[in-house]
Amino acid sequence: MRYRNVCLEAFVYTLPDEIVTSAQIEHMLAPAYERLRLPAGRLELITGIAQRRFWPPGTLPSEKSVLTAEKALRITGLDRGLVGALVHASVCRDFLEPSTASGVHRRLGLPPSCMVYDVSNACVGLMNGLVQIANMIELRQIRAGIVVGTESARPVVENTIRYLNENTSLTRAQAKQALASLTLGSGSAAIVLVDRKLSRTGNRLLGGVAWTRSEACELCHSGHDGSIGDGGRTLMWTDSDALMRQGVQAGKEVFPAFLEALNWTPADIHRTFCHQVGRAHRRLLFETLQLDSSIDYPTVHFLGNTGSVALPITAALGLETGFARPGEHIALWGVGSGVNVVALGVDWQTTLRNGEVGESLPAGTTAAASAPSPAPACIVD
């Protein structure tokens, strides 16, 4: 993929107010921990995640997606009449149908000529939506577009805690498959893309690659879709070690093609914003790609794994702190279960700060810091 006419105008985010620590989750898991003889502190020790955030019970994804997309319009100053596509791309959505994008479109007051639809592809959904909008802009089909999504981890985490406590026959090995579920956090993000001639920032989206290792598609899965009669609680089971290895292997395989697509060498990558899974995954990825991890901005320790919105939220927070400077090359590295990789390169120039409208990371939290009916579908890997 190569682009000549697309600018990535802004990453925008909204975070929940409620903070839930790993210690609190372990306290709720006391019956299971006692039965399985697990030591306190294990969850944070293994994952590197100290805390994550939850929306209030019953929050629909569209509620926060509207808030974040509205904020994106204000921050960029984009005339909503120019928005030619709105893609809702998180795992979580309001209903099986109609599309969550339809409701977001209505509440934003976007023009009827704006194309709307949902995209779902685990943790790379927003990256896929970004590529689709970029393609439409490059082909001159539209002049601007927004990809937005909201992940809600509360149902998965609470159901997992309940399941682990109630099922007294579970072994340690079986309980380990639920570990990834306990790392999940909530958040909302939007990415605004515009034709180069409309841009206020000059942040050129240069191109990138996509890669799939579908032989690993069974390493992380939720229950069946409720429409085919699953009828159970929202749960997710993951072979975390195997998924980590497969994700990193996919990254290793596609990395040379990524560099070739952008005509870059590893030294041309000045900053990276990656999907946030856990401490071990980040370390192994950068060791495998032979990149210095200091060029990467981590948020997983205080936000957890926020699914498809993890990468854009991390980018927004990192850019807001001045982590990337004008003229630097940024690599956006998305990985999701399946296993799928979407890697994109951006020539960064200007940051439009979320804080300009009063929404920034709450005081005291820094990168150095440690359901309604029907219920939203919300499984994130």
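Whatever comes next refers back to the structure up there.
Residues numbered from 1 in each chain as written. Predicted model: local features only at pLDDT ≥ 70, side-chain atom pairs only at ≥ 80, totals over all residues. Heavy atoms only, no water.

## Things to note about the pattern of salt bridges
Overall, the coordinates contain seven salt bridges when judged by the stated rule. Across the pair Glu70 and Arg80 runs a salt bridge, and its minimum N-O distance is 2.7 Å. Of this pair, Glu70 sits in helix α4 (residues 61-76) while Arg80 sits in the loop between α4 and β4 (83-88), and the two are 10 residues apart along the sequence. The salt bridge partner of Arg282 is Asp296, with a shortest N-O separation of 2.7 Å. (Salt bridge = Lys/Arg side-chain N within 4 Å of Asp/Glu carboxyl O. Helix = DSSP H or I, 4+ residues; strand = E, 2+ residues; numbered from the N terminus.)

## Concerning helix α5 (residues 100-108)
All buried positions along α5 are accounted for by Thr100, Ala101, Val104, His105 and Leu108. Each buried residue of α5 sits inside an arc of 135° when the element is viewed along its axis, so together they form one side. On its buried face, α5 is in contact with α4, β4 and β5 (115-118). Of the residues one or two after α5, Gly109 is the one with positive phi, at around 70°. (Buried < 20%, exposed > 50% of the residue type's maximum accessible area, 1.4 Å probe, protein only. Arc of directions from axis to C-beta. Contact = heavy atoms within 4.5 Å.)

## Quick word on the environment of Ala144
Note that Ala144 resides in strand β6 (residues 144-151). By relative accessible area, Ala144 is classed as buried at 0%. Once the C-alpha coordinates of Ala144 and Leu8 are considered, the two residues, 136 residues apart in sequence, prove to be 10.0 Å apart.

## As for unusual backbone geometry
The amide bond that connects Glu97 to the next residue, Pro98, takes the cis arrangement and shows omega of 0°. Along the polypeptide, Pro98 turns up in the loop between β4 and α5. The phi angle at Arg140 is positive, at roughly 65°, despite the residue not being glycine. With respect to the element layout, Arg140 can be found in the loop between α6 (125-138) and β6.

## As for the side chain of Ser90
Here Ser90 shows up in the loop between β4 and α5. The exposure class assigned to Ser90 is buried, which follows from its relative accessible area of 2%. At a separation of 2.7 Å, a polar atom in the side chain of Ser90 contacts the main-chain carbonyl oxygen of Cys92. In contact with Ser90, other than residues within four places in its own chain, are Val119, Leu126, Val148, Gly149, Thr150, Glu151 and Ser308. (Polar contact = N/O pair within 3.5 Å; in protein donor to acceptor, adjacent residues only side chain to side chain.)

## Concerning the packing of aromatic side chains
Counted under the stated rule, the structure contains eight aromatic pairs. Note on Phe273 and Tyr297: the rings are 6.4 Å apart at their centroids and 65° apart in plane angle, and the pair reads as edge-to-face. Of this pair, Phe273 sits in strand β11 (residues 271-274) while Tyr297 sits in the loop between α10 (279-289) and α11 (300-303), and the two are 24 residues apart along the sequence. Under the relative-accessibility criterion, Tyr297 is labelled buried at 6%. An angle of 55° between the planes, with centres 6.1 Å apart, marks the rings of Phe273 and Phe323 as tilted. Of the two residues, Phe273 sits in strand β11 while Phe323 sits in the loop between α12 (310-320) and β12 (329-336), which places them 50 residues apart along the sequence. With respect to burial, Phe273 and Phe323 carry one shared label: buried. Above the face of the Phe323 ring, Arg271 is positioned so that its terminal group lies 4.6 Å from the ring centre. Its guanidinium or amino end placed over the ring of Phe286, Arg282 lies 6.0 Å from that ring's centre, counting from NZ or CZ. (Phe/Tyr/Trp six-rings, centres within 6.5 Å; stacked < 30°, edge-to-face > 60°. Lys NZ or Arg CZ within 6 Å of the ring centre and 35° of its normal.)

## Overview of the side chain of Asp195
Tracing the chain through its elements places Asp195 in strand β7 (residues 187-195). Residue classification places Asp195 among the buried residues on the basis of a relative accessible area of 5%. Those residues in contact with Asp195, other than ones at most four positions away along the chain, are Asn5, Ile137, Arg140 and Arg143.

## Here we look at the packing of α4 against α5
Relative orientation of the contacting elements α4 and α5 amounts to 50°, with a least axis distance of 9 Å. When the axis of α4 is compared with that of α5, the two are oblique. Read as a crossing pair, α4 and α5 show a hand that is right-handed. Judged by residue contacts, Ser62, Glu63, Ser65, Val66, Ala69 and Glu70 of α4 engage Thr100, Val104, Arg107 and Leu108 from α5. Considered class by class, the residues forming the contact of α4 with α5 number four nonpolar, three polar and three charged. (Axes fitted to C-alpha atoms, helices over the stretch in contact; angles between N-to-C directions. Parallel < 35°, antiparallel > 145°, perpendicular 65-115°, else oblique. Left-handed = near helix turned anticlockwise from the far one by under 90°. Nonpolar A, V, L, I, M, F, W, Y, C, P; charged D, E, K, R; others polar.)

Keep in mind these values describe shape, not function.
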